[in-house]
Amino acid sequence: MATNLSLDPELLEQALKVSGERTKKAAVTRALQEFIARRSQKRLLELMGKLEWDNSFDYKSERSRR
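Residues numbered from 1 in each chain as written. Predicted model: local features only at pLDDT ≥ 70, side-chain atom pairs only at ≥ 80, totals over all residues. Heavy atoms only, no water.

### Regarding the pattern of salt bridges
Step number 1: In the structure shown here, the tally under the stated rule is 1 salt bridge.
Step number 2: One salt bridge in this structure joins Glu-21 and Arg-30, with 2.7 Å as the shortest N-O distance. (Salt bridge = Lys/Arg side-chain N within 4 Å of Asp/Glu carboxyl O.)

Written as structure tokens, this is what we have:
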């Protein structure tokens with residue numbers, strides 16, 4: 001999908017340097033992938049302390065199950 005964006009040239013140059021990517025498109029794609037991954041991880045962290053655990057579940061016995 002072709003998209004025209006007006007990006008800050010300094011930010012784009014920094015993204016190229018730190019990402020190691022060779023093209024602007026690759027740098028922007030990598031930046032978007034990492035942004036999405038971080039936001040997804042943040043949502044998982046927000047669940048900490050909010051999930052109920054079954055204390056009777058023996059995870060070690062489940063590992064040895066064949």
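### Structural notes on the layout of surface pockets
Step number 1: Reported here for the largest pocket is a volume of approximately 240 Å³.
Step number 2: Looking at the largest pocket, the residues that line it are Met-1, Ala-2, Thr-3, Leu-5, Leu-7, Lys-24, Lys-25, Val-28 and Thr-29.
Step number 3: A per-class count over the lining of the largest pocket returns 5 nonpolar, 2 polar and 2 charged.
Step number 4: Of the pockets and cavities examined, the second largest pocket occupies roughly 180 Å³.
Step number 5: If you trace the second largest pocket, you find it lined by Leu-5, Leu-7, Asp-8, Leu-11, Leu-12, Ala-15, Ala-27, Val-28, Ala-31 and Leu-32.
Step number 6: Looking at the lining of the second largest pocket, the elements that each hand over two or more residues are α1 (9–19) and α2 (24–46).
Step number 7: For the lining of the second largest pocket, the per-class residue count stands at 9 nonpolar, no polar and 1 charged. (1 Å grid on protein atoms, 1.4 Å probe; cavity = no way out; pocket = protein on both sides within 12 Å on 5 of 7 lines; lining within 4 Å. Points joined across faces, edges and corners; volume = space filled by probe spheres on them. Nonpolar A, V, L, I, M, F, W, Y, C, P; charged D, E, K, R; others polar. Helix = DSSP H or I, 4+ residues; strand = E, 2+ residues; numbered from the N terminus.)

### Overview of the environment of Lys-24
Step number 1: If you trace the backbone, Lys-24 turns up in helix α2.
Step number 2: Distance from Lys-24 to Trp-53, taken between C-alpha atoms, is 45 Å for residues 29 residues apart in sequence.
Step number 3: Once residues within four sequence positions are removed from consideration, Lys-24 is found in contact with Leu-12 and Leu-16. (Contact = heavy atoms within 4.5 Å.)

### Details of α1
Step number 1: Regarding α1, the residues found buried are Leu-12, Leu-16 and Ser-19. Down the axis, α1 shows its buried residues gathered within 85 degrees of arc, on one side only. Turned more than 90 degrees away from the buried face of α1 sit Glu-10, Leu-11, Gln-14, Lys-17 and Val-18, all of them exposed.
Step number 2: Looking at the buried side of α1, the elements it contacts are α2. (Buried < 20%, exposed > 50% of the residue type's maximum accessible area, 1.4 Å probe, protein only. Arc of directions from axis to C-beta.)

### Section: a nonpolar patch on the surface
Step number 1: Side chains of Leu-44, Leu-47, Leu-51 and Trp-53 sit close together on the surface and give an oily, nonpolar patch of about 490 Å² of accessible area.
Step number 2: Relative to the elements of secondary structure, Leu-44 occurs in helix α2.
Step number 3: Accessibility expressed as a relative area gives 57% for Leu-44, which makes it exposed. (Patch = residues over 30% accessible without salt bridge, like charges linked within 9 Å, V, L, I, M, F, W, Y side chains within 5 Å. Areas by Shrake-Rupley, 256 points an atom, 1.4 Å probe, with all protein chains shown as cover.)

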